Amino acid sequence: MSSIEDIAGLLEPAFPAHLYVHVPFCRMKCSYCDFYSVPIGNKDQIDVVLRGIDAELRQWGALRLPGVVETLYVGGGTPTVIGPGALQVVDSVRNGMPLRAGADITVEANPDSVTGELMYVFAMGGVTRVSLGVQSFDEKVIGVLGRVHTPEEAVSAAETIVAAGMDLSVDLMCGIPGQSLESWRETLDAAIGTGAAHVSVYPLTLEEGTPLEVAVSTGLVEPVDPDAAADMMMLAEDVLAAAGIERYEVANYARPGHESLHNLAYWTGDHYIGIGPAAHGMVDAATARSAGLAEALAEDTVRVRFGNAPDIDEWLFGGRRTVEQLTAAEAMREDVMLGLRLVRGVDATAVAAAGLDATLEDLARLELVERVGEGGPHARWRTTAKGWLLGNEVFGRVWSPDE
Ligand code: SF4
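Residues numbered from 1 in each chain as written. Predicted model: local features only at pLDDT ≥ 70, side-chain atom pairs only at ≥ 80, totals over all residues. Heavy atoms only, no water.

(A) Examining the site of the ligand more closely. By nearness alone, every residue bordering the ligand is listed as Cys26, Met28, Lys29, Cys30, Tyr32, Cys33, Gly77, Thr78, Asn110 and Arg147. For the shell around the ligand, the class distribution of residues is five nonpolar, three polar and two charged. (Near = heavy atom within 4 Å. Nonpolar A, V, L, I, M, F, W, Y, C, P; charged D, E, K, R; others polar.)

This is the structure in structure tokens:
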């Protein structure tokens, strides 16, 4: 041991990190959903999964990886359908890894499984934010989505979360068959009325093989005109901004100081570890080697993305992960692509270092991105209002500039 820094190196884990834990249970499957989840089973099945999550956390903790956990996101699935078991996940993290005091801890919830008692337990257990899956406050639209809650339950759940002293984030969805602009406006107003500090707005994606996609592709349900969906996205920005809830990412809005630190980590190239079936993570090559994420990594790999087996049994019995290796050039392109999801955009020097100046200049000619802060110390590229509506075009061109 040659220096104080060496000793400190042993005491301090390598770098700050972020954890996502996937709780794979739902009350029933929504008509549009292709996330991995199974119908909630008996207590034994839940216990087996919680023990598997605990074991996976301890494996990472024993390796002193990934480092001090700054944010924890317990998602799914619907973590709240397992009741206080969702908090058991938070306790497993505390026992298995260094979790920074006052860390940002988010748990996903659905309105039908929020109770005052459970929210009190969450708040006492250190949960700082509950992300409530509402999607719509219009009963007819909720029916199209095949969700099990009512608008009244959503309002009541939101009030319960706020009363327990936690930050409330509301998830909304637009571009749903049968959803009018008026219905969407009422949903936005209702979301603002809940006191939410954070709102996520996603346009519906018809995932292949889901009941809603099948209903649309067979003509049983009329799809939404893409222009109408774009109008809804633009209305969301205007209505939420007027209420002081500003867009900070393509699909996310927050009151100042209430942005999701966990999600920001995804968009700024920080490491994150996925725990549980179907969970994903991203680490540097050295961490991936230490954790044995792949039998062999190519010499030029600097970043590794991995996905756990998307099935409870396979995951429990150590089923193979998917592993994607990125070179330095790919990692830089990815950072630019993710940075363009943010309203603040991405530093022009990072764009130049990634060799993407010409690509962004092309996109600027199409008015999809713009360069701002010229002449100052922090020239940046950022996505325009038109670019937000054509996000796939922007992000696709940055990821594959030669196609
Ligand atoms: S509650 Fe969420 S994860 Fe569960 S089926 Fe519905 S959309 Fe999917």
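(B) Just the packing of helix α2 (residues 43-62) against helix α3 (residues 85-96), in detail. Where α2 meets α3, the closest approach of the two axes is 9 Å, and the angle between their N-to-C directions is 20 degrees. Taken as axis vectors, α2 and α3 run roughly parallel relative to one another. Judged by the twist between their axes, the crossing of α2 over α3 is right-handed. For the pair α2 and α3, the contacting residues are Leu50, Ile53, Asp54, Leu57, Arg58 and Gly61 in the first and Gly85, Gln88, Val89, Ser92, Val93, Asn95 and Gly96 in the second. Partitioning the contact of α2 with α3 into residue classes produces five nonpolar, six polar and two charged. (Axes fitted to C-alpha atoms, helices over the stretch in contact; angles between N-to-C directions. Helix = DSSP H or I, 4+ residues; strand = E, 2+ residues; numbered from the N terminus. Parallel < 35°, antiparallel > 145°, perpendicular 65-115°, else oblique. Left-handed = near helix turned anticlockwise from the far one by under 90°. Contact = heavy atoms within 4.5 Å.)

(C) Focus on the domain arrangement of the protein. When its domains are assigned, the protein resolves into domain 1 (11-265), domain 2 (277-329) and domain 3 (340-399). A separation of 25 Å is found between the C-alpha centroids of domain 1 and domain 2. If you look at the interface, domain 1 gives 16 residues, while domain 2 gives 16 residues. Carbon and sulfur atoms supply 73% of the area that domain 1 and domain 2 bury against each other, a total of about 1200 Å² over both sides. (Domains from an automatic or database assignment. Buried area = accessible area lost by both parts, 1.4 Å probe.)

(D) Representation of the packing of aromatic side chains in the model. Applying the stated criterion across every chain, the model contains four aromatic pairs. Considering the side-chain rings of Tyr20 and Tyr73, the 6.0 Å spacing of their centres and the 25 degrees angle between planes classify their relative orientation as stacked. Highlighted residues: Tyr20 in strand β1 (residues 17-23) and Tyr73 in strand β4 (residues 69-76), separated in sequence by 53 residues. Residue classification places Tyr20 among the buried positions, given a relative accessible area of 13%. When its relative accessible area of 11% is taken as the criterion, Tyr73 is described as buried. Arranged with centres 4.6 Å apart and planes meeting at 65 degrees, the rings of Tyr266 and Tyr272 form a pair that is edge-to-face. The cationic tip of Arg333 hangs over the ring face of Trp399; the distance from NZ or CZ to the ring centre is 5.3 Å. (Phe/Tyr/Trp six-rings, centres within 6.5 Å; stacked < 30°, edge-to-face > 60°. Buried < 20%, exposed > 50% of the residue type's maximum accessible area, 1.4 Å probe, protein only. Lys NZ or Arg CZ within 6 Å of the ring centre and 35° of its normal.)

(E) Fine view of the pairing of strand β17 (residues 380-383). With burial as the criterion, only one face of β17 is covered, namely that bearing Trp381 and Thr383; the residues Arg380 and Arg382 on the opposite face remain uncovered. Pairing analysis gives two bridges linking strand β15 (residues 346-347) to β17, with the strands arranged antiparallel. Within the sheet, the bridge partner assigned to Asp347 lies in β17 and is Arg380. Both strand β16 (residues 369-372) and β17 contribute to a ladder of four bridges, which runs antiparallel. What sits directly across from Glu370, in β17, is Arg382. (Pairing = 2+ DSSP bridges.)

(F) Examining the pattern of salt bridges more closely. Tallied over the full model, the rule gives 16 salt bridges. When the shortest N-O distance is used, the salt bridge between Arg100 and Glu70 registers 3.0 Å. Placement of Arg100 in strand β5 (residues 99-109) and of Glu70 in strand β4 is noted, with a sequence separation of 30 residues between them. The closest approach of N and O atoms between Glu249 and Arg341, which form a salt bridge, is 2.6 Å. With Glu249 in strand β9 (residues 246-249) and Arg341 in the loop between α13 (328-339) and β15, this residue pair connects regions lying 92 residues apart in the sequence. (Salt bridge = Lys/Arg side-chain N within 4 Å of Asp/Glu carboxyl O.)

(G) Main features of the pairing of strand β13 (residues 301-307). Judged by how many residues are buried, β13 sits mostly within the fold: six of seven residues are covered. Pairing between strand β12 (residues 280-284) and β13: five bridges, direction antiparallel. Bridge pairing in β13 places Val283 opposite Val304.

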